[in-house]
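Tertiary structure, described
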Amino acid sequence: MLYYIVKRLLILPFLLFVFSVIAFLLIQAPPGDFVTSYVAELAASGSSMDQIQIEALRQLYGLDQPVYVQYFKWITRLLQGDLGISLDFQKPIADLIGQRLLLTVILGLATFFFTFAIALPIGIISATRQYSFFDYFFTVFNYIGVATPTFMTALILMWLAFTELGITITGLFSPEYADQPWSFGRVVDLGKHIWLPMVILGLDGTARLARILRANLLDELNKPYMEMARAKGLSEWRLVLKYPVRLAINPLVSSLGWYLPLIFSGSLIVATVLNLPTIGPLLLRSLIGQDMFLAGAIVLSYFGLAVIGTLISDILLAWLDPRIRMEEASK
Amino acid sequence: MTAETAVIDTSDAADAISVAPNWKLVWWRFKKHRLALVGGVVLFFIILIAAFPGFFSTQNPSESNKNGSFIPPQSIVLWDKGPAFYAFAVNGARNKRSFRMEWTIDPTKKVPLRLFATGYEWKVFGLFKTRIHFFGVANPEAGQKFHLLGTDRLGRDQWSRLLHGTQVSLSIGLLAVFISTILGLFLGGISGYFGGIIDMAIQRLIELLQSIPPIPIWLALSAALPRTWSVATTYLAITGILALITWTGLAREVRGRFLVLREEDFVVAAKLSGCSQMRIVFRHMLPTMSSHIIAAVTLAIPVMIINETFLSFLGLGLRPPAISWGVLLQEAQNLQSVALAPWLLLPGVAVIITVLALNVLGDGLRDAADPYH
């Protein structure tokens, strides 16, 4: 087990290196360097920057040097904890995304647990009562859940809440808590707002996971060991939960590897529609405004979240499935 | 006598099964899947619309009308003490305070409709000009207008725009999947067939690509596309961006199939009889897995369609004047416009129906792909 985790951890630096290169290339992708576009933007809004300041900025980011030197400068500053300054907001990037990153993680994890809490019972009941009304109902529900883009769900719910209840459901906080430091009241307020984006984000995943679980469980339910356990008089529910579910759940856990990162980045679109204070809407704004260092930092945060998500699922899988840790240890 | 016929019948059926070619077995199996058949029929009509959006439209999709914004959908009356085919006219008046047009349905004024009506000029496959439409206003000279799904902010006909969007969204999905299929087949194929170090390298590449969250990458790449590019260039670039990351799933599928097939007797036999590697791959291995590939491809298209919708919805995919479902939904991006004109959400319903049809069809195909099971 330890060997397995260490091996996973050793890949991390390499993955992060590749990801940082990709993020940097994305920063570089728009034509022209960003200082030029920044100066042009300033000129358009009537203010200007003197030549010395412009030169200082160019020097700082190494804009007159080859790409790899620029990358090296960027990554060194990054490792020292200096993400740079957002030219659009005129604020340090770390200040801009710190709080939002935390909320992104909270929303992601909440969605994740919600998905499993819903998908597990649905999958188990659909499989044990195959072709019942319940099973058909959730088959239809799952198909629709997968087919509906998350932003559609968000828009429709927003519209219904507005026309039927007369309330607007946007953001993660009430106005009085929006810019406050953390307090007990703020956490409660977050709890009151987070359920809607959580449910919207979770629907798609719930549908997928319940389908996988149902299919896996159906394969297990016809195996001879079930007959054997029944013959020995084990009660039906204990039997199902103790043996086939434990086997059928493994493929589900391995799907965590893609599911958790998918929630983190997938929340981007819902967050934009519902105007949530996560990093998603900020990425969109920075990309449209060509604030490329901010965009690069956010893309890198998404990559970081993806790496952590994959790592968590790898460890969970090894913990749940003895076959994996044995296989890895015997190599 | 009857018993005898029954016996003969079953043996006939058994014979038919044992001599039927692969595709026939797949088809028999597929036919049993009712839901998938329904999905196929729905998809047929969607493709028909995507092929001739002009024919089914009632108005030029780009034609705006500044005095006709946010007209609500007008329903068609088919039965009025006998078969009928008309819609009620709408009356507009400007609200004195908000200066917004407000529309009421006028049950006394009828707009007669007819099938195969004459309307604006469109081109069949961009080649032949015609003015014939599937249905439309019976006498357009009188200045009567009819909007089945209402109009948008600029007074453009939502129904016609939806149909033209179908063409773009569906074709982007198909084209992107086509590119990623080629990439997936090629890389998955050589990975699975040769194995060894090539397999290792390609598998690591796939793992790397799959561990990257796609949405931020798509957004960043699309944002880097120059705004000055033409609609057609952006269309191709977006397709390429979508295909770039999604080929990995298919490559894995193909590789897995190849690994299994490589050990099969018929492949070994072909090898021993001196077939070239190309022949083994293309003549013997690929046809055996074609049904699996078709199923995987069918299931990949809806994912692409949803992704294109995401990108365009966020304003980073196709941009107006291009019309796609995502571009149309951009009009419904905030609560104000949705509350004012809920029918702007209808393109989303088109997305849901299409994706549902494709998913159901793909599931049916996947179940039927292995008829020997």
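Residues numbered from 1 in each chain as written. Chains lettered and ligands numbered in written order. Predicted model: local features only at pLDDT ≥ 70, side-chain atom pairs only at ≥ 80, totals over all residues. Heavy atoms only, no water.

Some remarks on the overall build of chain B
The helix and strand inventory of chain B stands at 13 helices and six strands. For chain B, the C-alpha radius of gyration of 26 Å lies well beyond 21 Å, the compact-globule estimate for 373 residues. Each principal axis of the C-alpha atoms in chain B carries an extent, and together these give about 85 × 70 × 40 Å. Considering only contacts within chain B whose residues lie at least 6 apart along the sequence, 66% involve residues at least 24 apart. Split by element, the accessible area of chain B, about 18,800 Å² in all, is 66% carbon and sulfur. Taking the average location of the 32 positive side-chain charges in chain B and that of its 23 negative ones, the two points are 11 Å from each other. (Helix = DSSP H or I, 4+ residues; strand = E, 2+ residues; numbered from the N terminus. Rg over C-alpha atoms; globule rule 2.2 N^0.38 Å. Contact = heavy atoms within 4.5 Å. Areas by Shrake-Rupley, 256 points an atom, 1.4 Å probe, with all protein chains shown as cover. Lys, Arg positive; Asp, Glu negative; His and termini not counted. Charge placed at Lys NZ, Arg CZ, Asp CG, Glu CD.)

Remarks on the layout of surface pockets
Residues and elements named next belong to chain A. Within this model, the second largest pocket holds a volume of roughly 640 Å³. Around the second largest pocket sit 25 residues that line it, and Arg100, Asp179, Asn275, Leu276 and Pro277 are the ones nearest its centre. Elements with a minimum of two residues in the lining of the second largest pocket: α5 (93–128) and α14 (279–288). Broken down by element, the residue count for the lining of the second largest pocket peaks at five residues, all from α5. The class makeup of the residues in the lining of the second largest pocket is twelve nonpolar, seven polar and six charged. (1 Å grid on protein atoms, 1.4 Å probe; cavity = no way out; pocket = protein on both sides within 12 Å on 5 of 7 lines; lining within 4 Å. Points joined across faces, edges and corners; volume = space filled by probe spheres on them. Nonpolar A, V, L, I, M, F, W, Y, C, P; charged D, E, K, R; others polar.)

Observations regarding the environment of Gly188 of chain B
Within the fold, Gly188 of chain B resides in helix α5 (residues 158–194). Remark: the alpha-carbon pair of Gly188 of chain B and Arg252 of chain B, spanning 64 residues in sequence, is separated by 6.1 Å.

Side note on the interface of chain A and chain B
Chain A puts 39 residues into the contact, and the matching count from chain B is 37 residues. Interface area lost by chain A to chain B is led by Tyr143, Phe151 and Trp159 of chain A, which between them contribute 17%. Remark: the boundary between chain A and chain B carries one salt bridge. In this structure, the connection of chain A to chain B is made through two residue pairs in polar contact (both at pLDDT 80 or more). Here the side of chain A that touches chain B gets eight residues from one element, more than from any other, and that element is helix α7 (residues 150–165) of chain A. Per-class residue counts for the side of chain A that touches chain B are 31 nonpolar, seven polar and one charged. (Buried area = accessible area lost by both parts, 1.4 Å probe. Salt bridge = Lys/Arg side-chain N within 4 Å of Asp/Glu carboxyl O. Polar contact = N/O pair within 3.5 Å; in protein donor to acceptor, adjacent residues only side chain to side chain.)

Considerations on empty space enclosed by the protein
Enumeration over the complete set of coordinates arrives at one cavity of 30 Å³ or more. Estimated volume of the largest cavity: approximately 60 Å³. Lining the largest cavity, in full, are Ile269 of chain A together with Ile215, Trp218, Leu219, Asn307, Phe310, Leu311 and Leu314 of chain B. Where the lining of the largest cavity is concerned, the elements lending two or more residues are α7 (214–224) and α10 (277–313) of chain B.

Description of the pairing of strand β1 (residues 76–79) of chain B
All names here are of chain B. In the sheet, β1 pairs with strand β2 (residues 83–94) via three bridges, with the strands oriented antiparallel. Opposite Ile76, over in β2, you have Ala87 as the bridge partner. Connecting β1 to the antiparallel partner β2 that follows it, the hairpin turn spans three residues, and Lys81 within it adopts a positive phi of roughly 50 degrees. (Pairing = 2+ DSSP bridges.)

So, the side chain of Thr115 of chain A
Residue and element names in this part refer to chain A. Here Thr115 shows up in helix α5. We classify Thr115 as buried; its relative accessible area is 0%. For Thr115, the contacting residues outside a window of four places in its chain are Gly202, Gly205, Thr206, Leu209 and Tyr259. (Buried < 20%, exposed > 50% of the residue type's maximum accessible area, 1.4 Å probe, protein only.)

Thoughts on the domain arrangement of chain B
Splitting chain B by domain gives domain 1 (74–146) and domain 2 (161–369). For domain 1 of chain B versus domain 2 of chain B, the separation of C-alpha centres amounts to 38 Å. (Domains from an automatic or database assignment.)

As for the sheet that holds strand β3 (residues 101–115) of chain B
All names here are of chain B. Taken together, four strands build an open sheet; the order of strands is β1-β2-β3-β6 and the sheet is antiparallel. Across the chains shown, the open sheet's two edge strands, defined by having one partner strand only, are β1 and β6 (135–137). Ignoring strand direction, the axes of neighbouring strands in this sheet form an average angle of 40 degrees. Pairing of β3 with β6 involves three bridges; the strand directions are antiparallel. (Axes fitted to C-alpha atoms, helices over the stretch in contact; angles between N-to-C directions.)

Points about helix α3 (residues 51–61) of chain A
Residues and elements named next belong to chain A. For α3, the set of buried residues is Ile54, Leu57 and Tyr61. In a view along the axis of α3, the buried residues occupy a sector of 60 degrees, so they form one face of it. Across α3 from its buried face, at more than 90 degrees, point the exposed residues Gln51, Ile52 and Gln59. (Arc of directions from axis to C-beta.)

Re the confidence of the model for chain B
Residue and element names in this part refer to chain B. Averaged over every residue, the pLDDT of chain B is 83; the share at 70 or more is 95%. Throughout residues 1–8 the model reports pLDDT below 50, and contacts reaching past four residues in sequence, or to other chains, amount to zero contacts. Both confidence scores are given for the complex: pTM 0.84, ipTM 0.81. (pLDDT = per-residue confidence, 0-100.)

Concerning the nonpolar core
Within the largest apolar cluster, 156 residues are counted, with the highest numbers of intra-cluster contacts made by Trp74, Ile97, Phe151, Leu283 and Leu287 of chain A together with Leu219 of chain B. If one sorts the elements of this core by residue count, α10 of chain B sits on top with 16 residues. Each of domain 1 (74–146) and domain 2 (161–369) of chain B gives at least three residues to this core. In this structure, Leu219 of chain B is in contact with Leu268, Leu283, Leu284 and Leu287 of chain A together with Leu311, Leu314 and Leu316 of chain B, ignoring residues within four places of it in sequence. (Core = buried A, V, L, I, M, F, W, Y, C linked by side-chain atoms within 4.5 Å.)

Comments concerning the side chain of Arg161 of chain B
Residue position: Arg161 of chain B is located in helix α5. Dropping the residues within four chain positions of it, Arg161 of chain B is found in contact with Pro61, Ser62, Asp152, Arg156, Ile323 and Leu328 of chain B.

Some remarks on the packing of aromatic side chains
Residues and elements named next belong to chain A. Summed over all chains, the structure comprises 27 aromatic pairs over all chains. Aromatic pair Phe134 and Phe138: ring centres 4.6 Å apart, planes at 50 degrees, arrangement tilted. In this pair, Phe134 and Phe138 both sit in helix α6 (residues 133–147), four residues apart, roughly one turn of the helix. Exposure remark for Phe138: the relative accessible area of 13% places this residue in the buried category. (Phe/Tyr/Trp six-rings, centres within 6.5 Å; stacked < 30°, edge-to-face > 60°.)

Let's talk about the packing of α7 of chain B against helix α8 (residues 231–262) of chain B
All names here are of chain B. Their axes nearest at 10 Å, the elements α7 and α8 cross at an angle of 150 degrees. Of the possible angle classes, the one that applies to α7 and α8 is roughly antiparallel. Relative to α8, α7 is oriented so that their crossing is right-handed. Packed against α7, whose contacting residues are Pro214, Ile217, Trp218, Leu221 and Ser222, the element α8 presents Ile238, Ile241, Leu242, Leu244, Ile245 and Thr246 at the interface. Here the contact of α7 with α8 is built from residues that sort into nine nonpolar, two polar and no charged. (Parallel < 35°, antiparallel > 145°, perpendicular 65-115°, else oblique. Left-handed = near helix turned anticlockwise from the far one by under 90°.)

Structural notes on the environment of Pro92 of chain A
Residues and elements named next belong to chain A. By the element assignment, Pro92 lies in strand β2 (residues 91–92). Accessibility expressed as a relative area gives 39% for Pro92, which makes it partly exposed. Taking the C-alpha atoms as reference points, Pro92 and Leu294, separated by 202 residues in sequence, lie 9.3 Å from one another.

Quick look at the packing of helix α1 (residues 2–28) of chain A against helix α15 (residues 292–320) of chain A
Residues and elements named next belong to chain A. Relative orientation of the contacting elements α1 and α15 amounts to 160 degrees, with a least axis distance of 9 Å. Here α1 lies roughly antiparallel to α15, going by the angle between them. Judged by the twist between their axes, the crossing of α1 over α15 is right-handed. Taken together, the residues that form the contact of α1 with α15 break down as 20 nonpolar, two polar and two charged.

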